[in-house]
Amino acid sequence: VQLQASGGGLVEVGGSLSLSCAASGSTSPIDVLGWYRQAPGKQRELVAIRDTGGNTNIGGSVKGRFTVSRDNAKNTVSLQMKSLKPEDTALYYCYALGRDYDLKPYVTWGQGTQVTVSS
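Predicted, not measured: the structure shown is a model, and the values here were computed from it.

Roughly 270 Å³ of volume is contained in the largest pocket. Forming the boundary of the largest pocket are 14 residues, of which Ser-26, Ser-28, Arg-99, Asp-100 and Tyr-101 lie nearest the centre.

Have a look at this one:
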């Protein structure tokens with residue numbers, strides 16, 4: 001499975017931005033799709049993930065501001081970000097947790113897309 005992310009860029013404080021990610025190489029819905037992020041000098045952290053049943057796990061620092069959605073049939077996931085803050089500046093990684101043909105779990109990461117919030 002490969003992940004191709006798009007979106008991101010530069011936005012002012014309080015602004016909005018959207019990220020999209022498309023997964024290829026899977027013939028069935030991927031169990032979990034979502035986003036992590038990593039700021040310079042910090043560890044990678046959860047932003048938001050969503051499973052095929054619609055259950056979500058949202059990072060505490062973005063709750064109420066970010067929304068994750070997905071299309072199970074197309075294996076795409078989107079992240080809508082609003083009320084952006086300078087601390088949201090980071091490299092955002094698309095994430096997939098699925099199972100292969102032998103039902104073994106795998107994790108795949110996208111290439112990362114930069115989000116910069118200017119104050």
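What follows picks up the thread again.
Moving on, we get to the sheet that holds strand β3 (residues 17-24). Ordered in space as β1-β3-β8-β7, the four strands form an open sheet in which the pairing is antiparallel. Here the strands that pair on one side only, and so sit at the sheet edges, are β1 (2-7) and β7 (66-71). Neighbouring strand axes in the sheet, compared pairwise and without regard to direction, differ in orientation by 15° on average. Bridge analysis of β7 against strand β8 (residues 76-81) gives six bridges, and the strand direction is antiparallel. Paired with Arg-70 across the bridge in β8 is Val-77.

Turning our attention to the pattern of salt bridges. A complete count under the given rule lists four salt bridges for this structure. A salt bridge links Asp-31 to Arg-99, with the shortest nitrogen-to-oxygen separation between them at 2.8 Å. Residue Asp-31 is located in the loop between β3 and β4 (32-38), and its partner Arg-99 is located in strand β9 (residues 90-99); the two are separated by 68 residues in the primary sequence. Since its relative accessible area comes to 22%, Asp-31 is described here as partly exposed. Overlapping salt bridges bring together Arg-37, Glu-45, Arg-65 and Asp-88 as one network.

Analysis parameters
- Residues numbered from 1 in each chain as written.
- Predicted model: local features only at pLDDT ≥ 70, side-chain atom pairs only at ≥ 80, totals over all residues.
- Heavy atoms only, no water.
- 1 Å grid on protein atoms, 1.4 Å probe; cavity = no way out; pocket = protein on both sides within 12 Å on 5 of 7 lines; lining within 4 Å.
- Points joined across faces, edges and corners; volume = space filled by probe spheres on them.
- Pairing = 2+ DSSP bridges.
- Helix = DSSP H or I, 4+ residues; strand = E, 2+ residues; numbered from the N terminus.
- Axes fitted to C-alpha atoms, helices over the stretch in contact; angles between N-to-C directions.
- Salt bridge = Lys/Arg side-chain N within 4 Å of Asp/Glu carboxyl O.
- Buried < 20%, exposed > 50% of the residue type's maximum accessible area, 1.4 Å probe, protein only.

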